[in-house]
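# Examination of the molecular architecture
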Amino acid sequence: NNFKHEVDSLLGYVYTEQTIKTMAGSSKTVLNSLNKDAAFWNAILSSLQNSIFITLGRIFDMDHEDETLNTLFRYSEKNKILFSKNAFSYRWLNKNYEKHMRDYLSTYIQGVFEPTDADFRKVKKHILTLRREYDVNYKDPRHYFAHKKIRNISEINQIFEKVKIRKLEKFVVALSALHVMFWQMYHNGRKMSIPSTKVRSSTKGFLAKRGQVNYPPMITEQVVRNTEHAVRKFIR
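Residues numbered from 1 in each chain as written. Predicted model: local features only at pLDDT ≥ 70, side-chain atom pairs only at ≥ 80, totals over all residues. Heavy atoms only, no water.

On to the overall build of the protein chain. Across its full length, the protein chain holds twelve helices and zero strands. Start at the N end of the protein chain and walk to the C end: the helices and strands fall as α-α-α-α-α-α-α-α-α-α-α-α. Across its three principal axes, the protein chain shows a C-alpha extent of roughly 65 × 40 × 25 Å. For the protein chain, buried positions account for 40% of its 236 residues. Contacts in the protein chain between residues at least 24 apart in sequence constitute 71% of all its contacts with a sequence separation of at least 6. If you sum the accessible surface of the protein chain, you get close to 14100 Å²; carbon and sulfur atoms cover 53% of it. For the protein chain, the centre of its 40 positive side-chain charges and the centre of its 23 negative side-chain charges are spaced 6 Å apart. (Helix = DSSP H or I, 4+ residues; strand = E, 2+ residues; numbered from the N terminus. Buried < 20%, exposed > 50% of the residue type's maximum accessible area, 1.4 Å probe, protein only. Contact = heavy atoms within 4.5 Å. Areas by Shrake-Rupley, 256 points an atom, 1.4 Å probe, with all protein chains shown as cover. Lys, Arg positive; Asp, Glu negative; His and termini not counted. Charge placed at Lys NZ, Arg CZ, Asp CG, Glu CD.)

A separate point is the nonpolar core. Across soluble globular proteins, nonpolar side chains show a tendency to be buried alongside one another. Ranked by size, the top nonpolar core spans 50 residues in total, and within it Tyr15, Leu56, Phe60, Leu175 and Phe182 carry the most contacts. With ten residues, helix 10 (residues 165-188) is the single largest residue contributor to this core. Once you skip the residues sitting within four places of it in the chain, Phe60 turns out to touch Leu69, Leu130, Arg131, Tyr134, Phe171 and Leu175. By size, the runner-up hydrophobic cluster in this structure holds five residues, among which are Phe88, Trp92, Leu105 and Ile109. (Core = buried A, V, L, I, M, F, W, Y, C linked by side-chain atoms within 4.5 Å.)

Right, here's the structure in full:
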């Protein structure tokens with residue numbers, strides 16, 4: 001739950017910032033309206049950028065003990081028994097008191113997935129790939145926002161030139177997908193597998209398909225819709 005809170009917050013920061021920027025970059029009406037209150041919007045965007053990289057730092061902090069991806073994985077690997085069929089049956093019977101649901105367990109349990117050491121190694125490899133991406137692209141920006149040492153413009157540009165928006169969107173969605181994977185395995189007995197990279201993650205894509213909302217919408221889509229609605233209130 002702690003990890004979910006961090007990741008959901010991160011998704012909110014990234015997609016709120018990108019929705020504002022995308023709307024301003026694609027519409028002169030929106031841009032001119034936001035420029036009338038430029039100090040306010042610059043403060044909003046600056047705060048969001050700060051929050052993005054500080055939160056990423058917490059998620060990948062090797063020393064932090066509560067919200068990190070490393071903590072979630074190590075705890076799950078150490079306590080594989082939580083994902084056993086016996087543990088799943090215990091949870092099922094304790095939350096389902098209706099007789100038909102209790103009787104259905106004998107059928108449902110046949111499809112419950114029990115992860116092996118090999119499964120955890122595959123996921124660990126995926127997490128290490130994400131960590132390398134964080135170290136290469138997002139660690140320096142995190143230090144910049146956390147410590148704010150005096151730098152010239154060329155140094156600042158060098159720090160942020162590796163931050164590509166589409167890659168950042170995919171990166172934070174991949175973190176969310178890992179939480180969903182563990183959640184589904186624990187609560188529904190779903191298979192432990194590397195999350196798909198084909199999940200919709202483009203802010204521009206969400207904005208372009210205004211009339212085609214998924215139900216229930218993903219948290220990314222919810223953030224984009226809410227931000228779009230809020231920004232349009234300021235257009236005048």
